[in-house]
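Spelled out from the first residue to the last, the chains are:
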Protein chains: 2
Amino acid sequence: MSGHLALHGIMNLCPLRSATKTRVCRKGVVIYLAEKLKIIPIGGLNEIGKNMTVLEYGKDMIVIDCGIAFPEEDMYGVDLVIPDVTYLVKNAKKLRGFFITHGHEDHIGSVPYVLQAVNAPIHGTRLTNGLIELKLEEHKLKDKVKLITHKPGDVVQAGCFGVEFIHVNHSIADAVAFAIKTPVGNIVMTGDFKIDPTDSEGMMDLTRLGELGKEGVLALLCDSTNVERQGFTTSEMSVADNLDRQFKNCDQRIIITTFASNLHRIQSVLQTAHRYGRKVAVTGRSMENMLKVASELDYIKIPANTLIDLAQIKSLPKNKVVVVSTGSQGENMSALYRMAFSNHKQIDIQPGDRIIISASAIPGNEKAVSRIINELYRKGADVVHDKSEGLHASGHACQEELKIIHALTKPKYFIPVHGEQRHLQKHAQLAKMMGMSPKRILVADIGNVIECTSKTCKLTENTVTAGSVFVDGTGVGDVGAVVLRDRRHLAQDGMIVVCVNLSADDGELVTGPDIITRGFVHVKENEDLIEAMRMICLEALFTCQNKGITDWATIKAAMKGDLSNFLYKNTRRNPMILPVIMEV
Amino acid sequence: MSGHLALHGIMNLCPLRSATKTRVCRKGVVIYLAEKLKIIPIGGLNEIGKNMTVLEYGKDMIVIDCGIAFPEEDMYGVDLVIPDVTYLVKNAKKLRGFFITHGHEDHIGSVPYVLQAVNAPIHGTRLTNGLIELKLEEHKLKDKVKLITHKPGDVVQAGCFGVEFIHVNHSIADAVAFAIKTPVGNIVMTGDFKIDPTDSEGMMDLTRLGELGKEGVLALLCDSTNVERQGFTTSEMSVADNLDRQFKNCDQRIIITTFASNLHRIQSVLQTAHRYGRKVAVTGRSMENMLKVASELDYIKIPANTLIDLAQIKSLPKNKVVVVSTGSQGENMSALYRMAFSNHKQIDIQPGDRIIISASAIPGNEKAVSRIINELYRKGADVVHDKSEGLHASGHACQEELKIIHALTKPKYFIPVHGEQRHLQKHAQLAKMMGMSPKRILVADIGNVIECTSKTCKLTENTVTAGSVFVDGTGVGDVGAVVLRDRRHLAQDGMIVVCVNLSADDGELVTGPDIITRGFVHVKENEDLIEAMRMICLEALFTCQNKGITDWATIKAAMKGDLSNFLYKNTRRNPMILPVIMEV
């Protein structure tokens, strides 16, 4: 603890743990020098995903969310990206708990990795914890992590922090925002949210946010994902109405894909199917898992005699069948992908099948989704994917909803979170437009330290370790910048191995150079080129010998340099060249 | 010529060249057995780009367009994709010419490659030919290819085909559609188009299309790119109005990026700048080239004293400067990219710079564009990129425009072109909705042969060679499926070379195994793993020796197999493994 001190007058909020306090007297008023609250984004700023925010005061620290990000397209071979939690590990003793807003991967995905590095109780709602439990089971960590379940309205005391769970709407059930009472004031973290007055769980608790606004909110940390979109997000109920239209008068099979975690959507599909006398089968592992958890925890109501096994659909008439499938993002080997490419064991796409894409492509997935849509069309399916059909609603607040949250919470300071720079800046503009002084808007980056007293929040010059750790297979962190640079090089033009045996006695060539290439050219059709490459290496070797050079590193560099120049001149390519010298 | 014969009554249209004709008599009417017209899409169907269509009749053949496609994201290292023109090469003697609709890369980009394989005159409009000429110069082919320039209204006789140039609107000037008089009837190929009544070149020639409709159109081949979009495409004039709004009251530098070929847009920028007393500088090679060609050919009118050299902008006040830049698709090392990443020699982005993205991201480029936008925001620039600002208009017809073309040309048969399967099918639906019988709508693929008599068009079972040829550096076609598979494998998990020296006398191990990895793991932090890999290979080698195996292929397979299993078990990764055995 570096002990940044600040002036503020509230000392009783943290009587047990407050650290360094000094009584001073100014103009006759007794005030106290006390700790500052630190707000430290560890992930989720200037990026999409890997959400994690630290709140720290004196000897106490809590962490909000613990998500993953998906790899960028040039992070070859990387499966997941998790936050660098060096700072949590260093401060493990202070850590009073993890608080999770909802069960999406970008908020819970890192739990199995982070909790191995630094253990503390996890606080979440029932569904969120149910989904975390699944992950912990997979990673054989179930007995090692304490999961504590709460409901909206609950307040959890974690060190000096009083964390209140507040119901919000989102594209997964049981999502919450947090209002955190800290020694310097109230902090509101919205998590991902939208305002849906027709949500079956009830509209998000605007009243409570308004009450907090009246009590006083020191800082608002608010979701920025959809800040570029005007107006309001579509409600799930209007999606349900549009779904109904797709079922009406359809006498063919209906295959529908959406995010597995969107239980409201799946509930709508189940109800609509039931209304039209159709049975519903489910395909895709994440969809099956989600349905299992959700029905066990009562988050989804399956109408009687509606859910059937996938194997049964063949015995039913086409107009009695609905299949709910994974693959809405075009994921390789997802159920819908396998159907599209005739690779699904139980379902053959047939002409006339109505396939409903009840999702929009996350940026970066457009092409993958399009590839599936094309294949489905090719099989004669009736693919419904147009935005104009209104078959998807985003889970994130658009501009008008964001304005409502700003107006209700009336924060002294505003920290836009969950978004790339463009989103954070746009959200800052929105706050400015709402009348907030630019000085009170803090556009931060991960690793930045924001220090708050009861009067001010300030983006300091201090930083803590923050960044990306790559998960590849079972390896966590063993793939970094150098490995990725090599993978990109290999991907671009392939590679060439040059093997040479030199005599241990006199350094004379014994065998070689042998040339092996992969990913460079069709070898069989380019034998002349390969032979020319051999000659270039041989010449480089002889030149070295004539100069009396015996140092292997120099010989390797000579072969590599000459070969590289030759290849660039002749092919405009730059494959990775690996000279290998062995001594015999 | 395989000589598919058909019954039809029109023989005089092709008096000189008509091939096999037989007089037959049916019910007292003299009719003739004659050639069928073949329409063969070589590229541009079930893909975006690489547009090329063959029309063939008897001993005559013409080719419409000669484009490239951009590589898919998993085509590592590939620079361009060009059509496989085996069929043209086989039929080179028949080839009467290439007809080019407009100067975009997906319509002209393959000219330097294809014309080396099969030479014939190229017919295009002035700007189109100007752009082709640039390409031919670059490839040192200018003297080898005959370029013939025409204007809308011209009819070119090429063998039995009478090719009429018809003015259309598009996001590049001087674009045309073709109406082709063939021995069996009129074929209309729209090329890329939209209907813009406010185009400075005049609205596309709907009248001529209507006249053709009255004369009779046997088949319409129509652009499908924007068929998923409702309504009409925005006009360039409304974009110009919206641009004006961005200039008004802006007292900062304006930097604007768009497609270099969109001369109308650049013209609007020049005029708006002039109106507001700003000077315009240009950055980015393709933008500079385009402006040079366009102003030489008089396709752009540069207001007096408006264009300045980039070096001069520093001496001007901020509110007197406009920079027109490449990089609207987020291209690596484009001018805007270099500005965003502080890598541009002459322009530093300064807080307050207004940066206008007057383009939308082509599918697949969203992330690249977003990366630039984020960096520009980070530098404090005022980035204007929202769709709602109306700063871009697509060059392709939306649904209502497509309906107008169908209604005007009243084709007997319809062949949707220029699009993925989803677009072709959607366009087929649109035609059906317009009252066309599904039997008269031919959704084809590249390599398909459509045969037409004066009465019918039929998608036959016949196919010709068609597909993709990859250009990588100077290599054309030397990178294929195997090389790409290897590149993907290398990209995924990197590679491992295992080198072993065996004695020529007895096959005993002399030196090795030496292990070299690239793109697999951080070697320095994983020395134990590397040593374990060495031991696995050594064991595999000894096992072979104990079994008396001396065959190198078997020894290599043993080392590779054991190492691969070991690595998958321990890391869940599957690097490429290259065992190298040398004999000493």
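1. Considering the overall build of chain A
Secondary structure assignment for chain A yields 15 helices and 28 strands. Taken along its principal axes, the extent of the C-alpha atoms in chain A is 90 × 80 × 50 Å. Counting all 584 residues of chain A, 59% fall into the buried class. Sequence-distant contacts, at least 24 apart, represent 71% of the contacts inside chain A between residues at least 6 apart. As displayed, chain A offers around 23,700 Å² of accessible surface, 50% of which is attributable to carbon and sulfur atoms. In chain A, the 68 positive side-chain charges and the 66 negative ones have mean positions that sit 7 Å from each other.

2. Considerations on the nonpolar core
Ranked by internal contacts, the top residues of the largest apolar core, which has 56 residues, are A:Met52, A:Leu88, A:Phe98, A:Val114, A:Leu127, A:Leu263 and A:Val322. If you look at the next biggest cluster of nonpolar residues, it comprises 55 residues, including B:Met52, B:Ile122, B:Leu127 and B:Tyr299.

3. Regarding the sheet that holds strand E12 (residues 161–167) of chain A
All names here are of chain A. The strand order E11-E12-E13-E14-E15-E21 describes an open sheet built from 6 strands, whose pairing is mixed. With partners counted over all chains shown, the strands left at the sheet margins are strand E11 (155–158) and strand E21 (413–417), one partner each. Here the average twist between neighbouring strands, direction ignored, is 20°. The sheet contact formed by E12 and strand E13 (residues 176–182) spans 6 bridges and is antiparallel. Looking at E13, one finds that isoleucine 166 is bridged to alanine 177.

4. Some remarks on the relation of the copies chain A and chain B
Each copy superposes on the other: chain A lies on chain B with an RMSD of 0.0 Å after a rotation of 180° and an axial shift of 0.0 Å. This pairing of chains is accounted for by a two-fold axis. Every residue of chain A has its C-alpha some distance from the rotation axis, and the shortest such distance is that of A:Ala491, at 2.4 Å. An overlap of 99% is found between the interface residues of chain A and their copies at the interface of chain B, pointing to a shared contact surface.

5. A look at the pattern of salt bridges
All told, the structure shown has 60 salt bridges over all chains when counted by the stated rule. A salt bridge links B:Glu215 to B:Arg208, with the shortest nitrogen-to-oxygen separation between them at 3.4 Å. Overall, the relative accessible area of 15% leaves B:Arg208 in the buried class. The partner of B:Asp486 in a salt bridge is B:Arg485, with the nearest N and O atoms 3.7 Å apart. For B:Asp486, a relative accessible area of 11% gives the class buried. Its relative accessible area of 52% is what places B:Arg485 among the exposed residues. Three or more residues are tied together by salt bridges with common partners; here these are A:Glu164, A:Lys181, A:Arg208, A:Glu211 and A:Glu215.

6. Examining the interface of chain A and chain B
How large an interface is tends to be reported as the accessible area lost when its parts come together. With 70 residues of chain A in contact, the opposing surface of chain B contributes 69 residues. Area buried by chain A at its contact with chain B is led by A:Tyr377, A:Arg422 and A:Met582, which between them contribute 11% of it. The tally of links between chain A and chain B comes to 12 salt bridges. Between B:Asp478 and A:Arg573 there is a salt bridge, and its shortest N-O distance comes to 2.5 Å. Counting residues per element, the ones that place at least two in the side of chain A that touches chain B are helix H10 (366–378), helix H12 (421–433), helix H13 (481–493), strand E26 (495–502), strand E27 (509–518), helix H15 (552–571) and strand E28 (576–583) of chain A.

7. Let's talk about the state of the cysteines
As enumerated under the stated definition, the model contains 0 disulfides over all chains in all. Here B:Cys398 is not cross-linked by a disulfide; its sulfur's nearest cysteine counterpart is in B:Cys222, at 12 Å.

8. As for the confidence of the model for chain A
Residue and element names in this part refer to chain A. Counting all residues, the mean pLDDT for chain A is 92, and 94% of those residues have values of 70 or more. For the stretch residues 1–25, pLDDT sits under 50, and the model shows 63 contacts to residues farther than four places along the chain or on other chains. Reported for the predicted complex are a pTM of 0.89 and an ipTM of 0.87.

9. Concerning H10(A)
With 13 residues, H10(A) should cover 18 Å at 1.5 Å per step; its first-to-last C-alpha distance of 18 Å lies within 8% of that length. Listed in full, the buried residues belonging to H10(A) are A:Val369, A:Ser370, A:Ile372, A:Ile373, A:Asn374, A:Glu375, A:Leu376 and A:Tyr377. The elements touched by buried residues of H10(A) are helix H9 (335–340), strand E19 (354–357) and strand E20 (382–384) of chain A together with helix H12 (421–433) of chain B.

10. Let's talk about the packing of helix H6 (residues 236–247) of chain A against helix H7 (residues 263–275) of chain A
All names here are of chain A. Running from N to C, H6 and H7 cross one another at 35°; their axes reach a closest spacing of 10 Å. Once H6 is placed against H7, the crossing between them reads as right-handed. On the side of H6, the interface is formed by Glu236, Val239, Ala240, Leu243, Asp244 and Phe247, while H7 contributes His264, Arg265, Ser268, Val269, Thr272, Ala273 and Arg275. Per-class residue counts for the contact of H6 with H7 are 6 nonpolar, 3 polar and 4 charged.

11. Quick notes on the pairing of E19(A)
Residues and elements named next belong to chain A. Burial of E19 is two-sided: the residues Arg354 and Ile356 facing one way and the residues Ile355 and Ile357 facing the other way are all buried. Examined bridge by bridge, strand E16 (residues 254–257) and E19 share 4 bridges and lie parallel to one another. From the neighbouring strand, isoleucine 255 faces E19, where its bridge partner is isoleucine 355. Alignment of E19 against E20, held across 3 bridges, turns out to be parallel. When the bridges of E20 are listed, arginine 354 appears paired with aspartate 382. One crossover worth recording links E19 to the parallel E20 by way of H10, and it is right-handed.

12. What about a negative patch on the surface?
Residue and element names in this part refer to chain A. Together, Asp505, Asp506, Glu508 and Glu583 line one region of the surface with negative charge. Turning to its location among the elements, glutamate 583 is positioned in strand E28. On the accessibility criterion, glutamate 583 (41% relative accessible area) is partly exposed.

13. Observations concerning the sheet that holds E27(A)
Residues and elements named next belong to chain A. Strand order in the open sheet formed by 3 strands is E27-E26-E28, and the pairing between neighbours is mixed. Each having just a single partner strand, E27 and E28 make up the two edges of the open sheet. Each strand of the sheet is rotated relative to its neighbour by a mean of 15°, with strand direction disregarded. Pairing geometry for E26 and E27, over 7 bridges, is antiparallel. Across the sheet, leucine 502 pairs through a bridge with leucine 509, a residue of E27. Its contacts with the sheet place helix H14 (residues 527–546) against E26 and E27, and it is angled at close to 140° to E27.

14. Overview of the packing of helix H4 (residues 126–138) of chain A against helix H8 (residues 285–296) of chain A
Residues and elements named next belong to chain A. Direction vectors running N to C along H4 and H8 enclose 125°, while the axes themselves pass 10 Å from each other. With respect to H8, the element H4 is oriented oblique. Note that H4 runs across H8; the crossing there is right-handed. Each of Leu127, Gly130, Leu131, Leu134 and Glu138 in H4 lies in contact with H8, whose residues at this interface are Arg285, Asn289, Met290 and Val293.

So, how was this worked out
- Residues numbered from 1 in each chain as written.
- Chains lettered and ligands numbered in written order.
- Predicted model: local features only at pLDDT ≥ 70, side-chain atom pairs only at ≥ 80, totals over all residues.
- Heavy atoms only, no water.
- Helix = DSSP H or I, 4+ residues; strand = E, 2+ residues; numbered from the N terminus.
- Buried < 20%, exposed > 50% of the residue type's maximum accessible area, 1.4 Å probe, protein only.
- Contact = heavy atoms within 4.5 Å.
- Areas by Shrake-Rupley, 256 points an atom, 1.4 Å probe, with all protein chains shown as cover.
- Lys, Arg positive; Asp, Glu negative; His and termini not counted.
- Charge placed at Lys NZ, Arg CZ, Asp CG, Glu CD.
- Core = buried A, V, L, I, M, F, W, Y, C linked by side-chain atoms within 4.5 Å.
- Pairing = 2+ DSSP bridges.
- Axes fitted to C-alpha atoms, helices over the stretch in contact; angles between N-to-C directions.
- Least-squares fit on C-alpha atoms with pLDDT ≥ 70 in both.
- Salt bridge = Lys/Arg side-chain N within 4 Å of Asp/Glu carboxyl O.
- Buried area = accessible area lost by both parts, 1.4 Å probe.
- Disulfide = S-S within 2.5 Å.
- pLDDT = per-residue confidence, 0-100.
- Expected span 1.5 Å × (residues − 1).
- Left-handed = near helix turned anticlockwise from the far one by under 90°.
- Nonpolar A, V, L, I, M, F, W, Y, C, P; charged D, E, K, R; others polar.
- Right-handed = clockwise from strand over helix to strand, strands pointing away.
- Patch = residues over 30% accessible without salt bridge, like charges linked within 9 Å, V, L, I, M, F, W, Y side chains within 5 Å.
- Parallel < 35°, antiparallel > 145°, perpendicular 65-115°, else oblique.

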